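As a plain string of letters, each chain reads:
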Amino acid sequence: MPNITFNQSKIITIERHILEEQQIHPEATGTLTNILYDLALAGKFIASQTTRAGLSEILGATEDINIQGETVMKLDQLADQTIFRLNDHTGRIAVMASEEHEHLIPIPKGFPIGKYVLLFDPLDGSSNIDYNASIGTIFAIYRRLTTEGPGTMEDCLQPGRNLVVSGYLIYGSSTMLVYTSGSGVHGFTLDPSIGEFLLTHPNIQIPKEPKYYSTNHGNEIFWSPGVLKFTHWLQGYEPDQKPLSSRYIGSLVGDFHRTLLSGGMFYYPADTHDLHKPHGKLRLNYEAAPLAFIAHHAGGYASDGHHDILDIKPETLHQRTALYIGDTRLVRKAEEFINKFDS
Ligand code: FDP
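What counts, and at which threshold
Residues numbered from 1 in each chain as written. Predicted model: local features only at pLDDT ≥ 70, side-chain atom pairs only at ≥ 80, totals over all residues. Heavy atoms only, no water. Axes fitted to C-alpha atoms, helices over the stretch in contact; angles between N-to-C directions. Helix = DSSP H or I, 4+ residues; strand = E, 2+ residues; numbered from the N terminus. Parallel < 35°, antiparallel > 145°, perpendicular 65-115°, else oblique. Left-handed = near helix turned anticlockwise from the far one by under 90°. Contact = heavy atoms within 4.5 Å. Nonpolar A, V, L, I, M, F, W, Y, C, P; charged D, E, K, R; others polar. Pairing = 2+ DSSP bridges. Buried < 20%, exposed > 50% of the residue type's maximum accessible area, 1.4 Å probe, protein only.

Participant: Quick question: what am I supposed to make of the packing of helix α1 (residues 14-24) against helix α2 (residues 31-50) here?
Facilitator: Closest axis-to-axis distance for the α1/α2 pair is 10 Å, and the angle between their directions is 160°. Judged on the interaxial angle alone, α2 and α1 are roughly antiparallel. You can see that α1 and α2 cross each other, and the crossing is right-handed. Contact residues: α1 offers I14, E15, I18, L19 and Q22, while α2 offers T33, L36, Y37 and A40. Residue composition of the contact of α1 with α2, grouped by class: six nonpolar, two polar and one charged.

See below:
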């Protein structure tokens with residue numbers, strides 16, 4: 001008889017993990033748990049479509065230009081519709097907002113209105129779709145502030161500090177869902193053969209020893225002196241910092257995910273020359289705030305170069321921001337350079 005030894009580690013599905021987390025909060029009604037189930041389901045559906053992107057007719061740009069002035073890919077629309085349709089009728093959500101829509105997305109008439117607000121970037125990094133690089137979905141869940149009727153703009157424009165849950169799905173060499181509800185950051189990998197997300201990365205903490213920095217050097221000509229000097233500091237031009245290697249995909253979820261697991265930082269600074277991007281390119285509500293919440297609970301930090309991203313109260317739905325995110329010491333150093341050389 002062969003000697004079979006079993007790995008002693010537990011197999012934990014995302015469902016079981018979310019339920020166990022819910023039990024820590026006796027006041028929980030299960031509503032949030034169910035929203036997370038639905039987002040995990042949306043992720044499975046989107047993952048199945050992204051892996052077929054190169055094969056099917058859905059590859060390629062549509063004629064539409066979204067409100068950010070970008071060409072909308074069909075996969076973006078599919079991801080957007082999937083998330084909307086899984087959440088519009090459940091009675092858990094008061095209102096939604098998506099990076100793909102100019103205005104708030106109300107709950108359709110006839111469906112019950114819930115107490116949570118869902119903001120999402122359905123398919124981030126979509127300029128990478130044609131090149132088979134990692135893309136992702138980012139989501140942010142807040143409690144509504146208003147007490148009755150359909151959710152409003154006020155409910156959506158909350159600082160990241162108010163987040164109840166945030167997370168992302170990354171569609172890469174494997175599909176992962178990473179989320180936090182404020183008690184640890186947990187990562188699940190989709191086992192495609194059984195269609196389940198399994199806990200593979202419990203309690204993620206950004207490694208103390210930074211490994212990479214990640215930024216688009218092609219924009220250097222538009223950077224301020226503080227950002228340029230900070231970049232040189234990362235490259236080891238000063239004695240207190242050993243040079244870091246650089247990695248950049250150009251897909252925020254992919255670049256952030258690597259930063260979270262390997263240590264280091266990602267930054268997309270304000271653009272000093274492009275009048276359309278004086279505050280950077282990334283969206284506060286759909287990208288910066290939810291990832292800042294994850295970074296915070298993984299022992300890291302996120303800043304716009306001056307303030308903690310989580311403290312910024314958005315004024316508009318599609319507000320852009322500069323973003324420095326990852327290792328706390330490195331992000332604080334960026335703030336130091338910016339305050340010293342750019343004020
Ligand atoms: P994309 O335009 O491909 O959707 O905010 C969108 C985003 O990608 C981020 O995912 C990514 O970090 C950034 O823009 C890349 O911008 P650059 O191409 O200017 O580097």
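Participant: What is the right way to read the sheet that holds strand β15 (residues 301-303) from this model?
Facilitator: Strand pairs in the sheet, formed through backbone hydrogen bonds, run parallel or antiparallel to each other. An order of β12-β11-β13-β17-β15 is seen for the five strands of this open sheet, with the pairing classed as mixed. Where the open sheet ends on each side, the last strands, each with one partner, are β12 (245-246) and β15. Of the strand pairs in this sheet, β15 and strand β17 (residues 323-326) are connected by three bridges, and their pairing is antiparallel. Counterpart to Y301 in the pairing with β17 is G326. With respect to the sheet, helix α5 (residues 225-234) is in contact with β11 (212-214), β13 (264-268) and β17, its orientation differing from that of β13 by roughly 155°. Sitting on the sheet, helix α6 (residues 252-262) touches β11, β13 and β17, and the angle it makes with β13 is about 155°.

Participant: In this structure, what is going on with the pairing of strand β8 (residues 175-180)? I would like to understand it.
Facilitator: In regular strands, side chains alternate between the two faces of the sheet. Burial within β8 is extensive, with six of its six residues counted as buried. Sheet analysis places strand β7 (residues 165-171) next to β8, joined by six bridges and oriented antiparallel. Bridge assignment links G167 to a residue of β8, and that residue is Y179. Between the antiparallel neighbours β7 and β8 lie three residues. Where β8 meets strand β9 (residues 185-191), five bridges bridge the pair, whose relative direction is antiparallel. Its bridge partner being in β9, V178 is matched across the sheet by G187. Between β8 and β9, which follow one another and run antiparallel, lie four residues, and G182 among them has a positive phi close to 100°.

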